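Read off the chains here:
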Amino acid sequence: MEMTLRWYGPGYDSVTLKQIRQIPGVKNVITTLFGKQAGELWLPKEIAELKKIVNDAGLGIAGIESVNVSDDIKIGTAKRDEHIDNYIKTLQALGEADIHMVCYNFMPVFDWTRTELARVRPDGSTVLAYNQDTVDMIDPEHMRESVEKMSNGFVMPGWEPERLDRLKELFEMYRDVDAEKLFDNLVYFLEAIGPVCEKYDIKMGIHPDDPAWPIFGLPRIMTGKDSVTRLLDAVDKPYNGITLCTGSFGSNQNNDICEIIKACRGRIPFAHVRNLKYNSPRDFEEAAHLSSDGSMDMYKIIKTLYDTGFDGAIRPDHGRMIWDEVAMPGYGLYDRALGAAYLNGLWEAWTSQDSNLLIRYVVTQILHSRLFLSKNNRLSWQMGNYLCGYLIAFS
């Protein structure tokens, strides 16, 4: 497991690389070229410049979140193959820069959706929240004003001005796209990028839909265990994996996060781990990573990742705004740093427990074997004593 923090890059993030490096256990970031539009080619020079900035701060790049997939690819317009070609060349440039994991999503029009970016909790912190009754009353074509009003002056990922300017046009483009057509276009995309992924050992992790059900009449196809395993089976190659986002899958209370982890064993290159508090089936808010602050069992989730051999990148996801911090909603420093420390602690508990079990097993075997050593073999006898003492001391 590799603990990371998301960093949006110079000019877009209030959190500095210097601050990230001071979080215990965080040696790498998940980053992106945030100013790039979906469908646009990433140039090797731009990737090299980003990597140098991160490396000069004493950190590495564990993966990219995201190389956005254009709506032309999702819809299957005449521009699809041109944009896929740009995507392939971008993946090639990333692979040549020794970057081997990419998170992406296939959500129509909107990325993640929230109705509040600063709901006040009883402790005075503010969090992202979702209420379906509010969504049902919203005219999606007028969402730009509400998002800009709530975003603290930051550009929100998935809610870039260029996208919000085209809402009416995008809804019209998706008018004839149902869930099956969207799924077919996703498979087409994954099969097209397969050769470059395999050549450069790039793992693609699709982000689940957030929330995990259709909104505004738009299809959603990555919503739970059945839908993600269908995709893994449709393109049954190691490069085709999922980003396990506990908050996105968890938005639907019918989803069992641990069962999804087990079903996708070996196909999870990346995990976003965060906690939600359910107020009703139609209302949830984000919480601190500590299990007792929300409705999710973070201990069980981390244990299941550990038990299934997860060895990818992980990051604490949306944090609360605490201690008067002003930052991009969900992406401040303080609560995500607390989350990283908490998740590292849970992981360490399991690795330490398994190490102790291994040591005790070896000690038992040595003690058992020593009974059968010849008393004349003084070297073996002394070595057995030494190893037993050493192992017991560190068990």
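Residues numbered from 1 in each chain as written. Predicted model: local features only at pLDDT ≥ 70, side-chain atom pairs only at ≥ 80, totals over all residues. Heavy atoms only, no water.

Chemist: Would you mind going over the environment of F216 with me for this structure?
Modeler: Mapped onto the elements, F216 comes out in the loop between β7 (203-206) and α10 (225-234). For the pair F216 and V135, spaced 81 residues apart in sequence, the C-alpha to C-alpha distance is 8.1 Å. (Helix = DSSP H or I, 4+ residues; strand = E, 2+ residues; numbered from the N terminus.)

Chemist: Just checking my understanding: could you explain helix α4 (residues 80-96) for this structure?
Modeler: With 17 residues, α4 ought to run about 24 Å at 1.5 Å a step, and its terminal C-alpha atoms sit 24 Å apart, in line with that. Every buried residue of α4 is listed here: R80, H83, I84, N86, Y87, T90, L91, A93, L94 and G95. Looking at the buried side of α4, the elements it contacts are α2 (44-56), β3 (60-65), α3 (71-75), β4 (101-104), α9 (179-200) and β7. Just beyond α4, the residue with positive phi is D98, at close to 65°. (Expected span 1.5 Å × (residues − 1). Buried < 20%, exposed > 50% of the residue type's maximum accessible area, 1.4 Å probe, protein only. Contact = heavy atoms within 4.5 Å.)

Chemist: Before we go on, may I ask you to explain the sheet that holds strand β6 (residues 126-131) in this structure?
Modeler: Adjacent strands of a sheet form backbone hydrogen bonds with each other and so pair up, either parallel or antiparallel. Judged by pairing direction, the sheet is antiparallel, and its four strands sit side by side in the order β5-β6-β11-β10 without closing on themselves. The open sheet is flanked by β5 (116-120) and β10 (275-280), the only strands paired with a single partner. Sheet twist, expressed as the average angle between the axes of neighbouring strands with direction ignored, equals 40°. In this structure, β5 lies alongside β6, joined through three bridges in antiparallel fashion. Residue E116 lies in a different strand from β6, and its bridge partner there is A129. (Pairing = 2+ DSSP bridges. Axes fitted to C-alpha atoms, helices over the stretch in contact; angles between N-to-C directions.)

Chemist: Help me out: how do you make sense of the sheet that holds β7 in this one?
Modeler: Spatial strand order, β1-β2-β3-β4-β7-β8-β9-β12: eight strands in a closed barrel with parallel pairing. Adjacent strand axes in the sheet meet at a mean angle of 30° when their direction is disregarded. Here strand β1 (residues 2-6) runs beside strand β12 (residues 313-316); their pairing, made up of two bridges, is parallel. By the bridge assignment, M3 is partnered in β12 with I314. Sheet contacts for α10: β7 and β8 (240-245); angle to β8, the most-contacted strand, approximately 160°.

Chemist: Would you take a moment to explain the packing of aromatic side chains for this structure?
Modeler: What characterises a pair of aromatic rings is the spacing of the ring centres plus the angle enclosed by the ring planes. What the rule picks out here adds up to 14 aromatic pairs. Taken together, Y8, Y12, F34 and Y331 form an aromatic cluster joined through their ring pairs. Over the ring of Y188 we find R80; its NZ or CZ atom is 3.7 Å from the centre of that ring. Lying over the aromatic face of W350, K303 brings its terminal NZ or CZ to 4.9 Å of the ring centre. (Phe/Tyr/Trp six-rings, centres within 6.5 Å; stacked < 30°, edge-to-face > 60°. Lys NZ or Arg CZ within 6 Å of the ring centre and 35° of its normal.)

Chemist: Just to check I follow, could you spell out the nonpolar core for this structure?
Modeler: Note that soluble globular proteins tend to have their nonpolar side chains buried in a common cluster. Membership of the largest hydrophobic core comes to 93 residues, with the highest contact counts inside it found for Y87, L91, Y104, F106, L186, F189 and I242. It is α9 that provides the largest number of residues to this core, a total of 10 residues. (Core = buried A, V, L, I, M, F, W, Y, C linked by side-chain atoms within 4.5 Å.)

Chemist: Sorry, what's going on with the packing of α4 against α9 here?
Modeler: Helices that pack against each other are described as a pair by the angle of their axes relative to one another and the distance between those axes. Here α4 crosses α9 at 30°, and the two axes come no closer than 10 Å. Classified by the angle between their axes, α4 and α9 sit roughly parallel to one another. Read as a crossing pair, α4 and α9 show a hand that is right-handed. Between α4 and α9, the residues in contact are R80, D81, I84, Y87, I88, L91, Q92, G95 and E96 and N185, Y188, F189, A192, I193, V196, C197 and Y200, respectively. Across the contact of α4 with α9, the residue classes break down as 11 nonpolar, three polar and three charged. (Parallel < 35°, antiparallel > 145°, perpendicular 65-115°, else oblique. Left-handed = near helix turned anticlockwise from the far one by under 90°. Nonpolar A, V, L, I, M, F, W, Y, C, P; charged D, E, K, R; others polar.)

Chemist: I keep staring at unusual backbone geometry and nothing clicks. Help me out?
Modeler: As a rule of thumb, non-glycine residues mostly have phi less than zero, and peptide bonds are mostly trans rather than cis. Look at the link from E65 to S66: it is a cis peptide, with omega at 5°. Tracing the chain through its elements places S66 in the loop between β3 and α3. A cis amide bond, omega 0°, links D210 with the succeeding residue P211. Along the chain, P211 falls in the loop between β7 and α10. The residue W323 is not glycine, and still its phi comes out positive at about 55°. When you line up the elements, W323 lands in the loop between β12 and α14 (334-370).

Chemist: For this particular structure, what's the right way to read the pairing of β12?
Modeler: Consecutive side chains along a regular strand alternate between the two faces of the sheet. Alternating residues of β12 divide into A313 and R315 and I314 and P316, and every residue in both groups is buried. By the bridge criterion, four bridges tie strand β9 (residues 270-273) to β12 in an arrangement that is parallel. Across the sheet, residue F270 finds its bridge partner in β12, namely A313.

Chemist: Looking at this structure, how should I read the confidence of the model for the protein?
Modeler: Atom-level detail of predicted coordinates should not be read off regions where pLDDT is low. Looking at the protein, the pLDDT average stands at 87 and 83% of residues meet or exceed 70. Predicted confidence for residues 370-376 stays below pLDDT 50, and this span has five contacts to residues more than four positions away or in other chains. (pLDDT = per-residue confidence, 0-100.)

Chemist: Explain the pattern of salt bridges to me, please; I cannot follow it from the model alone.
Modeler: Two side chains with opposite charge may pair up if their charged atoms get near one another. According to the stated counting rule, one finds 28 salt bridges in the structure shown. As a salt-bridge pair, D210 and R274 come within 3.0 Å of each other at their nearest N and O atoms. Here the residue D210 occupies a position in the loop between β7 and α10, and R274 occupies one in the loop between β9 and β10, the gap between them amounting to 64 residues. For D210, a relative accessible area of 1% puts it in the buried group. With a relative accessible area of 1%, R274 lands in the buried category. (Salt bridge = Lys/Arg side-chain N within 4 Å of Asp/Glu carboxyl O.)

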